[in-house]
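Spelled out, the chains give:
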Amino acid sequence: MSNIKKAVALILAAAMVFALAACTGGGSTSGTTAADGGSTSGTTAADGGQSETTLDTSKEVEIVMYFISDRPAGQDIVDENMNKLFKEKLNCTLQVNWIPWSDYSSTYNLKLSSGEPIDLIYTAGWLGYSKLAQQGAFMALDDLWPKYAPKNYAKATDQAKQQATVDGHIYTIPTLWATYISQGPIYRTDILKGSDLEGLEIKTFDDIEKYCDYCLEKYPEILPMDIYQNGSAWDAMWARQLGYQLIGNEAGNFYFNLDEENPKVISIDEIPGIEDFLNMMKRWNEKGYFSKTCLSITDSQQCQNGKAFIRCHNIDSYQGLMIDAYNKKNGWEWAYSDFNKYAAHLPFTQDSVSVSINSKNPERALALWDLITSDQEAYDAFYYGIEGTTYKLEEDGSAVMLDPDLYSTSGMWTVRTTGLTRKTVGSPAGWDEWHEKWEEMIAKDDTQEKYSAIVIDTTGLDTEIANVTDVYNKYWTPLELALNTNGVEGGLEEFREQLKIAGADKIKEAYQKQLDEYVANLKK
Amino acid sequence: MRNFTKDLKKNWALWTMLIPALLVTIVLAYIPMVGLILAFKNYNFGKGVFGSDFNGIDNFKFLFSSGTGWLITKNTVLYNVMNLITSQALAIVIAIFITELLHKTYKKLTQSIIFLPYFISWVIVGIFVFALFNYETGMMNNLIKSAGGEPVNLYAKPSVWPFIICAFNAWKWCGYNSVIYIAAITGVDQEIYEAAAIDGATIFQRIRHITFPCIRPTVITMLLLQVGRILRGDFEMFYQIIGTNGQLYNATDVIDTYVFRSLTSGATLGMTTAASFYQSIVCFVVIVLVNAIVKKIDEDYALF
């Protein structure tokens, strides 16, 4: 008996030694790779100093890129086609890996932490760009970007560069395509034909209610509002039309009032009139505009699938719905309106591309990105695919996607570049006008635009942000849709109480300090 | 030590046979444990798991500073105790019924049908639940409406969800668990039953005084094995049935779903590792306690 006990003890000891050995082994390897990465980037930077064209393309390399979207069925032929071009120009091939929409939230961070040598990876504010950068997931591009992607660098605005800066370093290449804060109602108009509401332009929340009442009356079997498990976007739209702007994009849903000279950071429940908004949502819920079990609905395309008539989203979604209707030839017409009090660009880091810290060929990867974002031929091959197979060009240079089931451009927003992106046939007629109008508004009134360069540092707030996010999921989302059991008053009270426990005050204080500094800088 | 080398020499064949199992355990169970070190670190992608800086017990604060830690621990334990009791008790009852059935085809058929849910994945079960209970088009509300009643929104009543989850869990597992009990009952010497029948014992008396005592060791082993996973809430079940429906979180959040949700909505790797670490520690304590209790009652039944 005691023999066996000793044996077991010995085996356990051996197991522990083995585990320790494995652990130190792992430690040393990760250490060396990091050192390697440092030295290579060091030498290339030095090389770059000697002459302009130092990119060594003698060795063929494969650039690995990760992108979040569902892989189009015809991606294989598109890959083959573009790689022929890339091979010829830069002696490299590009392998695009797709993280599907259904699991991006669970796999995106894992891909970065796995240590896989990813060269290019999509990133964005809503994916936690600045936090990931602070955690060391991306390579600093301060020297590499201007050196190996000079054309792209020249095109990027100073504002974009400022937004890409985290702790004094640039970790991402922002998009070259201006996007705007454009959340607003998107609604079907073909169903209004022949009714009193024909030609209705939704301008207020009352209009939305009128529209939904009409839908319910005419199509009682369809719930007019597209709301699913992610909750509703009406709250943010409501706050924006009052002139409130979200601060610290990724974290915690805090707002400030654009009209105040020295704005104060507040949480959504502190915006004056919140009770009225919640009462309106309660009325909408009681009237049956959306499902009372909407938080368990997984279908995020209810409008596109004909299961709803109105949703709150950005102008890109509006364009998507129009193109979809054009391709399906189902006779649906959509309209969009802008509720925002002020116009502003979205941060250019909304869609951007970073180089992973584990990348083996950052120079070539950047050179490739430069090529794609500056050369029409490379851009077309990457974004539109093969002429004659996936797309065809009209005489005015706009593109028609030939077979949306084979290949569509829906997944590659990051690459969109002003000057290279073609007009897509089927896009809404007012599309360009909206963009022009916003540019004009921004030029005239920078009330909101002047805040677009603010980047909030969330160091030391991890615990509170995680807790506050959870409180939002648990209490705000049901309350906003009037799905909670204790009414508007009770729900608000509970939400406020939970926010306090979760440490919202600490976040507010930290945000306030940074906002004050930013405002002080603006005034200088 | 010498004894061990002697034993190694004598039983080398047995020891060699042990090696594969040992390796698998080390590779799959012990080496991954090293990752728990992250619970005490501020994870940095560039520095990696071992290079990141230590930050003491900061990561654990996230779990307890808002009181969520206690809530999910309580939920995890209660759900598992409830699921354990219902699914095992049902399995025993089913096993006894099936063994008492005489008609062979009917017996096989019943057993197969009860076993079937085991093969249905939780993803599908999640869709069942939604199709049954959703407010507008759910089957339950359609039935109520056609009978002239007022539709009920179960999703607004968090308190009923523990029972729904428990029912689905029992439905899915009892067939599978009953197979083990059927095997145990079939193993009982038939002569005992015959003797009892001759002595005039009724069917209930036979079950009470023969079947139960005979399968007691099986029951206890099964219970102990289940207790081992008491803090491992069946993640898939909770996730597929509840999804991201915030209304029901307070009633249905278990440690696993909370960890998963935090990881996907902004918490750092360190914080979520800390939560998992906490789960493992509580789990270990529970197993040791339960085993000690069993040992006190009857030493033969204890696992270790």
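Residues numbered from 1 in each chain as written. Chains lettered and ligands numbered in written order. Predicted model: local features only at pLDDT ≥ 70, side-chain atom pairs only at ≥ 80, totals over all residues. Heavy atoms only, no water.

**Describing the overall build of chain B**
On a plain count of helices and strands, chain B comes out with 15 helices and two strands. The C-alpha radius of gyration computed for chain B amounts to 24 Å, which surpasses the reference 19 Å derived for 304 residues by more than 25%, pointing to a less compact arrangement than a globule. Once the C-alpha set of chain B is aligned to its principal axes, its extents read approximately 80 × 75 × 35 Å. Going through the 304 residues of chain B one by one, you find that 39% of them count as buried. Of the contacts made within chain B by residues no fewer than 6 positions apart, 65% connect residues no fewer than 24 positions apart. When the accessible surface of chain B is totalled, it reaches about 16,400 Å², and 70% of it is carbon and sulfur. Chain B carries 22 positive and 17 negative side-chain charges, and their two centres are separated by 6 Å. (Helix = DSSP H or I, 4+ residues; strand = E, 2+ residues; numbered from the N terminus. Rg over C-alpha atoms; globule rule 2.2 N^0.38 Å. Buried < 20%, exposed > 50% of the residue type's maximum accessible area, 1.4 Å probe, protein only. Contact = heavy atoms within 4.5 Å. Areas by Shrake-Rupley, 256 points an atom, 1.4 Å probe, with all protein chains shown as cover. Lys, Arg positive; Asp, Glu negative; His and termini not counted. Charge placed at Lys NZ, Arg CZ, Asp CG, Glu CD.)

**Description of the domain arrangement of chain B**
The domain boundaries assigned to chain B delineate domain 1 (1-30) and domain 2 (67-266). Computed over C-alpha atoms, the centres of domain 1 of chain B and domain 2 of chain B are 39 Å apart. (Domains from an automatic or database assignment.)

**With respect to the pattern of salt bridges**
For side chains bearing opposite charge, pairing can occur when the charged atoms are close. Residues and elements named next belong to chain A. Throughout the structure, instances matching the rule amount to 30 salt bridges over all chains. Its salt-bridge partner being Arg-422, residue Asp-380 comes within 2.7 Å of it at the nearest N-O pair. Linking Asp-380 in helix H13 (residues 376-383) with Arg-422 in the loop between strand S15 (399-401) and helix H14 (431-444), this pair joins segments that are 42 residues apart in sequence. For the pair Asp-380 and Arg-422, one class covers both residues: buried. Here Lys-508 makes a salt bridge to Asp-505, at a shortest N to O gap of 4.0 Å. Taken as a pair, Lys-508 and Asp-505 lie in helix H17 (residues 504-523) at a separation of three residues, close to a single helical turn. Under the relative-accessibility criterion, Lys-508 is labelled buried at 16%. (Salt bridge = Lys/Arg side-chain N within 4 Å of Asp/Glu carboxyl O.)

**Some remarks on a nonpolar patch on the surface**
On the surface, B:Ile281, B:Phe284, B:Val285, B:Val288, B:Leu289, B:Leu303 and B:Phe304 cluster together into a nonpolar patch covering about 680 Å² of accessible area. Relative to the assigned elements, B:Ile281 resides in helix H15 (residues 269-297). (Patch = residues over 30% accessible without salt bridge, like charges linked within 9 Å, V, L, I, M, F, W, Y side chains within 5 Å.)

**Description of the interface of chain A and chain B**
The interface is formed by 49 residues belonging to chain A together with 49 residues belonging to chain B. Between chain A and chain B, roughly 4,100 Å² of surface is buried when both sides are summed, and carbon and sulfur atoms account for 61% of that area. Where chain A packs against chain B, one counts one salt bridge. One salt bridge in this structure joins B:Arg261 and A:Asp470, with 2.6 Å as the shortest N-O distance. In this structure, the connection of chain A to chain B is made through eleven residue pairs in polar contact (both at pLDDT 80 or more). Looking at the side of chain A that touches chain B, the elements that each hand over two or more residues are helix H1 (2-50), helix H3 (104-113), helix H4 (129-134), helix H15 (462-480) and helix H16 (487-502) of chain A. With 14 residues, H1(A) is the single largest residue contributor to the side of chain A that touches chain B. Residues belonging to the side of chain A that touches chain B are distributed by class as follows: 23 nonpolar, 20 polar and six charged. (Buried area = accessible area lost by both parts, 1.4 Å probe. Polar contact = N/O pair within 3.5 Å; in protein donor to acceptor, adjacent residues only side chain to side chain. Nonpolar A, V, L, I, M, F, W, Y, C, P; charged D, E, K, R; others polar.)

**Digging into the pairing of strand S9 (residues 254-257) of chain A**
Residue and element names in this part refer to chain A. Neither face of S9 is left uncovered, since the one carrying Phe-254 and Phe-256 and the one carrying Tyr-255 and Asn-257 both have all their residues buried. As paired strands, strand S8 (residues 244-247) and S9 are joined by four bridges and run antiparallel to one another. Within the sheet, the bridge partner assigned to Tyr-244 lies in S9 and is Asn-257. (Pairing = 2+ DSSP bridges.)

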